[in-house]
Amino acid sequence: MESAEGEGPAGATGAPASKNNRKVSKSHSRRRWRKVKTKASRLMHSMDLRTMTQSLVTLAEDNMAFFLSQGPGETARRLSSVFAGVREQALGLEPTLGHLLGVAHLFDLDAETPANGYRSLVHTARCCLGHLLHKSRYVASNRRSIFFRASHNLAELEAYLAALTQLRALAYYAQRLLATNQPGALFFDGDEGLTTDFLREYITLHKGCFYGRCLGFQFTPSIRPFLQTLSIGLVSFGEHYKRNETGLSVAASSLFTSGRFAIDPELRGAEFERITQNLDVQFWKAFWNITEMEVLSSLANIVSTTVRVSRLLSLPPEAFEMPLITDPKLTVTISPPLAHTGPGPVLVRLISYDLREGQDSEELSSLVKSEGPRSLDLRHRPQQAPRSPSLIIHIHGGGFVAQTSKSHEPYLKTWAQELGVPILSIDYSLAPEAPFPRALEECFYAYCWAVKHCTLLGSTGERICLAGDSAGGNLCFTVSLRAAAYGVRVPDGIMAAYPATMLQSTASPSRLLSLMDPLLPLSVLCKCVSAYAGGEIEDLSDSDQKALGVMGLVQRDTALFLRDLRLSASSWLNSFLELRHKSHPKSVPMAEPMRRSVSEAALAQPEDPRGTDPLKSLTLHDLNLRGSTETSDTSELSLSAETLGPSTPSDVNFLLGPEGTQEEVEAPDELNSKNRGQGINASFPEGFHPRRSSQGPTRMPLYSSPIAKNPFMSPLLAPDSMLQSLPPVHIVACALDPILDDSVMFARRLRNLGKSVTLRVVEDLPHGFLSLASLCQETRQAAALCVERIRLVLSPPGPAPPRPV
């Protein structure tokens, strides 16, 4: 009885103890994973470029010698070859990076803001060198271990070697820009034909290596899992795009095909490259608008800050009068937007943490556009909050082609809470259906309406801040320029996060980073700008979709989501059963006793008949089955892009249509060396050949539309007299953003004119970090910096210091 009584409590607590142990084990695993991911970046920051290169070369030579002594095995040969390649590329890259770093300070805004495209390119190359150094040390320490996974490490080393080779090519391109550009200029301002030749050569470079195993290596480790998930979702979405003809509902089908892209990084990289090069702007509009789906937006609202007011308003297209700033007795007429589609209402969203005076007025309620029960919370309160002295007018980003204020609502709610200020976010019409200047006209009209009717919005309008990100930052500048041109009140300040100020197709050091950026690839950037300039022709093949509009498509696709989910699940299950039936082996040979370590067996294995080794992790059972019939049955999904060769065209036509071919240039797979002459390729040293894309012809706009030179489209090109009218400007940019140079050059122009301007550059984050504000600590800190800049605008200026006698 005593024994039974003693075992009772132990048995009762055994299960919870086991669960606790598993939780502790998982916690330790996560911590170890984070340490491994951050070790390479620590190495990169703690060593100078020369020391890092010398250490990497020494380790590469040691590993190369070791694997050469391991016999004639294919894996050993490839490991030896990859370390030889690492040594060659590191030695060739180091002097070029040293030269760029030696002159990079000449392109900074000031000594306190060391940021420009040359620095970013050097930093990215150092990150790649740091990863290779960390991996080389790991191989040197574990190559004799029984747990050393030869093929897994080989695959990672080959991927980073490919990335290092492409980065070396980008460094030579940056050297060419350095020699060609005017002193201190980051953008190429010479002959447009030479710029086109540069871009034509540049887009032929292989990009898939940056979207597979190396995806996001240059960013902070905490954001890489999100980028990997995003890339898997993008390639799965692209595989089904236009196949179901239901717009956003293809997300349902994508859920069941994303698995193979998750387990095969090489396949994911090749597919990502194909999509970014060949899919038209309508694909990006559809993909980016996934966040507009009712299901996802509802989830975002659940986890975001709760506000009292979130109302979608429809401003009627009626002209009104605004007083001139020079003489308030005189007025100017503000006409409704007219470009392209004629007069039409402008949608805006009012967000306020507290219900303030005027926000529940009958006049404002008559403008409300119904969104359902979530638009306004009118629980009884004894007293309304008074009007705020400040107002924020926000313009969202999205490449001028996608998203609405709903996509940006989570961080806008946080702003409303932290700043205690009502926010009016403008939902301007999107390209290519509404190209320039429609968006500018609508934003200017909404801005003037807000200034005139600020009391309805819960503000007295004493301080007004224009805030926007990416394309929205561009529109903030141009709205201010237009307000000054009309003679009406300009905002008291502008906060622009990673704005685009140069919309011409031109080269700069930071835009070279678009070769590897998962959020802003060069072809995507060019297609969005071309759509905004009117170069992308709208697909009118489906008149019903055109009649529905963006929000109509969202509602329709949400209704079809469950239907596609069911159909896709059935299709996935059938294909899974068929694949299992076909791949079932007839017999499995008996495994021979293992007399050597796993690593030695992997290194001494005979050459594959195809001359390649599947880039997968080898286990004890796998090594014993090498050479069996299973080798020939390996699925092509596990092979690298190099093994598969050029991808075959899909039955679905993903290429741009024949319209607009005057602004598109087809880049051949292989450039004829005779035709290159003294072109950009002449800057490569003899014997160096970067990898070229195997994804077939690339169709993308390379020539800039003349309208891109309009200062209301590219504010960087505005004359000094126009820029003099801008209010104080606060720019928050990303060091690794392909459009970093837009911010640096624009801030420099304003500084040279004596204007008040600040530039803060955040490290290790991608373009669009505001939409990722809740993802990790780094994005939260960057978002807080934007709030701090807005607070500077909203704070009333203090008394001027007394002049010395």
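All of the points below concern the structure found in this document.

Think of an α-helix as 3.6 residues a turn; residues three or four steps apart then line up on the same face. Taking 1.5 Å as the rise per residue, helix α25 (residues 740-752) with 13 residues should run 18 Å; its terminal C-alpha atoms sit 19 Å apart, in good agreement. Counted residue by residue, α25 has 10 buried out of 13 residues, so it is predominantly covered. What α25 keeps buried is the set Leu740, Asp741, Asp742, Ser743, Val744, Met745, Phe746, Ala747, Arg748 and Leu750. Structurally, α25 contributes buried residues whose contacts are with α4 (117-142), α16 (471-486), α24 (720-723), β11 (729-734) and β12 (757-762).

In this section: a nonpolar patch on the surface. A cluster of nonpolar side chains, contributed by Leu299, Ile302 and Val303, occupies part of the molecular surface with about 350 Å² of accessible area. The residue Leu299 is located in helix α12 (residues 294-303) in this model.

If you walk across this open sheet you meet the eight strands as β1-β4-β6-β5-β7-β8-β11-β12, and the pairing is mixed. Edge strands, defined here as strands with exactly one partner in the open sheet, are β1 (309-315) and β12. Taken over all neighbouring pairs, the strand axes of this sheet differ in orientation by 20 degrees on average, direction set aside. With six bridges joining them, β11 and β12 adopt parallel strand pairing. Directly across from Val729, in β12, lies its bridge partner Val757. Contacting β1, β4 (346-352), β5 (388-395), β6 (423-427), β7 (459-469) and β8 (493-497), helix α14 (residues 405-419) runs over the sheet at an angle of about 35 degrees to β4. Against the sheet, helix α15 (residues 438-452) makes contact with β1, β4, β5, β6 and β7, and its axis sits at roughly 155 degrees relative to β6, the strand it touches most.

What follows is about the nonpolar core. Core analysis: the biggest nonpolar cluster contains 212 residues, and Leu170, Tyr202, Trp415 and Phe769 have the highest contact counts within it. With 18 residues, the top contributor of residues to this core is helix α5 (residues 150-180). Dropping the residues within four chain positions of it, Tyr202 is found in contact with Leu170, Tyr173, Arg511, Leu512, Leu513, Ser514, Leu515 and Leu522.

Structurally, Phe66 can be placed in helix α2 (residues 49-68). For Phe66, a relative accessible area of 8% corresponds to the buried category. For the pair Phe66 and Ala140, spaced 74 residues apart in the sequence, the C-alpha separation amounts to 9.0 Å.

Conventions adopted
Residues numbered from 1 in each chain as written. Predicted model: local features only at pLDDT ≥ 70, side-chain atom pairs only at ≥ 80, totals over all residues. Heavy atoms only, no water. Helix = DSSP H or I, 4+ residues; strand = E, 2+ residues; numbered from the N terminus. Expected span 1.5 Å × (residues − 1). Buried < 20%, exposed > 50% of the residue type's maximum accessible area, 1.4 Å probe, protein only. Contact = heavy atoms within 4.5 Å. Patch = residues over 30% accessible without salt bridge, like charges linked within 9 Å, V, L, I, M, F, W, Y side chains within 5 Å. Areas by Shrake-Rupley, 256 points an atom, 1.4 Å probe, with all protein chains shown as cover. Salt bridge = Lys/Arg side-chain N within 4 Å of Asp/Glu carboxyl O. Pairing = 2+ DSSP bridges. Axes fitted to C-alpha atoms, helices over the stretch in contact; angles between N-to-C directions. Core = buried A, V, L, I, M, F, W, Y, C linked by side-chain atoms within 4.5 Å.

Any functional reading would require information that these geometric values do not contain.
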